[in-house]
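Next come the chains, spelled out residue by residue.
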Amino acid sequence: MKIDFVAEAGASGVLAILVHDGRSLAGEGGQYDAATGGALTRAMGAGRFTGGANSSLIVAAPSGVKADSIVLVGAGEAGKFDDLAIETAAGAAFNAVRLSGAEVLTIDLGHLSGVQAARAAFAVHLAAYRFDKYRTKEKPDKIPSVTTVNIVTKDVAGAKVALEPLSAVADAVYFSRDLVAEPANILYPAEFARRVKELERLGLKVEILGEKEMEALGMHVLLGVGQGSVRESQLAVIQWNGGKAGDAPIAFVGKGVCFDTGGISIKPAAGMEDMIWDMGGAAAVAGLMHALAGRKAKVNAVGVLGLVENMPDGNAQRPGDIVTSMSGQTVEVINTDAEGRLVLADALWYTQDRFKPKFMVDLATLTGAMIIALGLDYAGVFSNSDELADAILAAGPKVNENVWRMPLPPQYDKIMDSVNADVKNSAGRDGGSITAGLFLQRFTNGVPWAHIDIAPVAWVSKSTRATVPDGPVGWGVRLLDRMVADTYEG
């Protein structure tokens, strides 16, 4: 789909006009209403459309304008029309007509700045995402018809400049979404690593460690998760050096369980197909590194992805096994379905040991308990650093990726002690997300660290956000990119 900026609306298949709460036509809306003989006002008065955010009303075949139809797009309160409101309105405009049969959509934002027009283009890009590579017999009326979106702005040149870094972030979100959407027979650890290696075209440095290299490093906890699979486990190490030479990097670690059966502690069959997205944390970190490189962020950053497949065969790890981590700590495996924390344990230790980062943030679809605690619209944040946690919490509302800080109480930490080893990987259901975080904290070596449990938000079945279609969200790419831009870039 082509997205462009134009100085005037001209002739259009569909013309989108913003309407604020109270049926207040924005920008040139009043002139369009006059040109149509008041048809827009009458259409609003005839129904329940009032201009609320993420709503729309189509007025077909209006006379007096050079458009086949007009879509009135709810923009919410005029006094709260910020970047997110612009994104929601632009996304709603596209969603209102994506299957309409119209090929050209023009969104009239002539009353807004070029920077705001760029934000609208960014939103349309995100809203238009569609994972359709395996669809071979789709009905024509289910295929989006819009091929061109024109956004009217008086500052075309400024809009194009402002769109460049936003496009880099949108491309990164697409990359992350595609990874999450792929089935596990296509995206296994080595294939995931191959796709990450291709990001070197953006100026990233990518290293791939196989099982022999990880064995030599003593990463037996990570390797134990994948030992029941015929697919070799991988560790992808991604570096972006956009900051000052010699500055310690900031680091991000992702859980990449490309498919999770639960291992010997096997999951129920119902819903197991959803475990194709148990690598959402690694996808988010890969997407973040894509974004930082794409917009040439002024920061040194490292992304480390632990890529495994958790399968139950005769060689699979057993409950009761005791394995030694790269840190030297021994881990008793109580439940092989508590595997993500095992992957992260070695990946976190490797990251702090090799790179000596300013801080580490890990992302993981770690616990179903997080969904029970927070529902399906918040990720949980656990951290040993108020400064780091505050930076993450501040970024969330700016990109509409909700986070909530959770506790790491010391009195719960002793629950993770094992009778036979240094630590056990599961302490049961009570406070399951918290004890998982406490387990991970033992492998941070005191480095400032935050763990983000994205189990509730990596995938959405019925999206309520205009820029997030049903399916893979790419959650975390925008959050962490914004956190880096606001707080850590030089």
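Just above, that's the structure.
Residues numbered from 1 in each chain as written. Predicted model: local features only at pLDDT ≥ 70, side-chain atom pairs only at ≥ 80, totals over all residues. Heavy atoms only, no water.

Q: Sorry, what's going on with the side chain of S433 here?
A: If you trace the backbone, S433 turns up in helix 14 (residues 432-441). Among the polar contacts made by the side chain of S433, one reaches the side chain of T367 at a distance of 2.6 Å. Ignoring sequence-local partners within four residues, the contact set of S433 consists of T367, A369, M370, F382 and D453. (Helix = DSSP H or I, 4+ residues; strand = E, 2+ residues; numbered from the N terminus. Polar contact = N/O pair within 3.5 Å; in protein donor to acceptor, adjacent residues only side chain to side chain. Contact = heavy atoms within 4.5 Å.)

Q: For this particular structure, what's the right way to read the pairing of strand 15 (residues 379-383)?
A: Taken residue by residue, a regular strand's side chains alternate between the two faces of the sheet. Burial of strand 15 is extensive: five of the five residues sit out of reach of the surface. Both faces of strand 15 are covered, namely the face carrying A379, V381 and S383 and the face carrying G380 and F382. For strand 15 and strand 16 (residues 403-405), the ladder comprises three bridges, and the chain directions are parallel. What sits directly across from V381, in strand 16, is R405. After leaving strand 15, the chain enters helix 12 (residues 386-399) and then returns to the sheet as strand 16, a path that is right-handed. (Buried < 20%, exposed > 50% of the residue type's maximum accessible area, 1.4 Å probe, protein only. Pairing = 2+ DSSP bridges. Right-handed = clockwise from strand over helix to strand, strands pointing away.)

Q: Would you take a moment to explain the packing of aromatic side chains for this structure?
A: Geometrically, a pair of aromatic rings is defined through the distance of the ring centres and the angle of the planes. This structure, assessed with the given rule, holds seven aromatic pairs. Residues Y129 and Y174 carry aromatic rings whose centres are separated by 5.0 Å and whose planes lie at 90 degrees to one another, so their mutual orientation is edge-to-face. With Y129 in the loop between helix 4 (114-127) and strand 7 (148-152) and Y174 in helix 5 (residues 156-181), this residue pair connects regions lying 45 residues apart in the sequence. Of the two residues examined, Y129 and Y174, each falls in the buried class. When the centroid spacing of 6.0 Å and the interplanar angle of 85 degrees are considered together, the rings of F252 and F359 count as edge-to-face. Of the two residues, F252 sits in strand 10 (residues 250-260) while F359 sits in the loop between helix 10 (340-355) and strand 14 (360-364), which places them 107 residues apart along the sequence. Each member of the pair, F252 as well as F359, carries the same accessibility label: buried. (Phe/Tyr/Trp six-rings, centres within 6.5 Å; stacked < 30°, edge-to-face > 60°.)

Q: What exactly am I supposed to notice about empty space enclosed by the protein here?
A: If a probe as big as a water molecule is rolled over the atoms, it shows which places are left empty. According to the stated counting rule, one finds two cavities of 30 Å³ or more in the structure shown. Roughly 50 Å³ of volume is contained in the largest cavity. One number sums up the size of the second largest cavity: a volume of about 40 Å³. Around the second largest cavity, the lining residues are L18, F81, I86, A89, A90, A93, I107, L109 and A120. With four residues, the single largest contributor to the lining of the second largest cavity is helix 3 (residues 83-97). For the lining of the second largest cavity, the per-class residue count stands at nine nonpolar, no polar and no charged. (1 Å grid on protein atoms, 1.4 Å probe; cavity = no way out; pocket = protein on both sides within 12 Å on 5 of 7 lines; lining within 4 Å. Points joined across faces, edges and corners; volume = space filled by probe spheres on them. Nonpolar A, V, L, I, M, F, W, Y, C, P; charged D, E, K, R; others polar.)

Q: Honestly, the pattern of salt bridges in this entry has me stumped. Any pointers?
A: Should the charged atoms of two oppositely charged side chains come close, the side chains can pair. Going through the model one piece at a time under the given rule, you end up with 26 salt bridges. E191 is the partner of R195 in a salt bridge, and the nearest nitrogen-oxygen pair spans 2.8 Å. Of the two residues, R195 and E191 both sit in helix 6 (residues 189-197), four residues apart, roughly one turn of that helix. Looking at R195, the relative accessible area reads 16%, which means it is buried. Among the charged side chains, a salt-bridge network with shared partners connects K133, E182, E191, R194, R195 and E198. (Salt bridge = Lys/Arg side-chain N within 4 Å of Asp/Glu carboxyl O.)

Q: Even after reading the chapter, I still don't get the side chain of D481, so can you show me in this structure?
A: Its location among the elements puts D481 in helix 15 (residues 477-488). Setting aside residues up to four positions removed in sequence, D481 forms contacts with V169, L288, A291, L292 and R295.

Q: Help me out: how do you make sense of the layout of surface pockets in this one?
A: Its boundaries defined by the atoms lining it, the largest pocket holds a volume of some 880 Å³. Forming the walls of the largest pocket are 30 residues, and the residues nearest its centre are K267, D337, T367, G368 and A369. Sort the elements by how many residues they give to the lining of the largest pocket and helix 11 (residues 368-374) lands first, with four residues. Looking at side-chain class alone, the lining of the largest pocket contains 12 nonpolar, nine polar and nine charged residues.

Q: What am I meant to see in the packing of helix 5 against helix 15 here?
A: When two helices pack together, their arrangement is captured by the angle between the axes and the distance separating the axes. Where helix 5 meets helix 15, the closest approach of the two axes is 10 Å, and the angle between their N-to-C directions is 140 degrees. Handedness of the helix 5/helix 15 crossing: right-handed. Across the interface between the two elements, V169, A172, V173 and S176 from helix 5 touch V477, R478 and D481 from helix 15. Across the contact of helix 5 with helix 15, the residue classes tally to four nonpolar, one polar and two charged. (Axes fitted to C-alpha atoms, helices over the stretch in contact; angles between N-to-C directions. Left-handed = near helix turned anticlockwise from the far one by under 90°.)

Q: Mind showing me how you'd approach the sheet that holds strand 17 (residues 423-424) here?
A: By way of backbone hydrogen bonds, the strands of a sheet pair with one another, either parallel or antiparallel. Pairing within the open sheet is mixed, and its three strands lie in the order 12-13-17. Looking along the sheet, the strands with just one partner apiece sit at the ends: strand 12 (322-324) and strand 17. Where strand 12 and strand 13 (residues 330-332) come together, three bridges link them in antiparallel fashion. Across the sheet, residue T324 finds its bridge partner in strand 13, namely T330.

Q: Help me understand the environment of T351, please; the structure alone is not making it clear to me.
A: Relative to the elements of secondary structure, T351 occurs in helix 10. Residue T351 is classed as buried on the basis of its relative accessible area, which comes to 0%. The spatial distance from the C-alpha of T351 to the C-alpha of L393 is 23 Å, given a sequence separation of 42 residues. Setting aside anything within four residues of it in sequence, one finds T351 in contact with A251, V253, V304, K356, P357 and M360.

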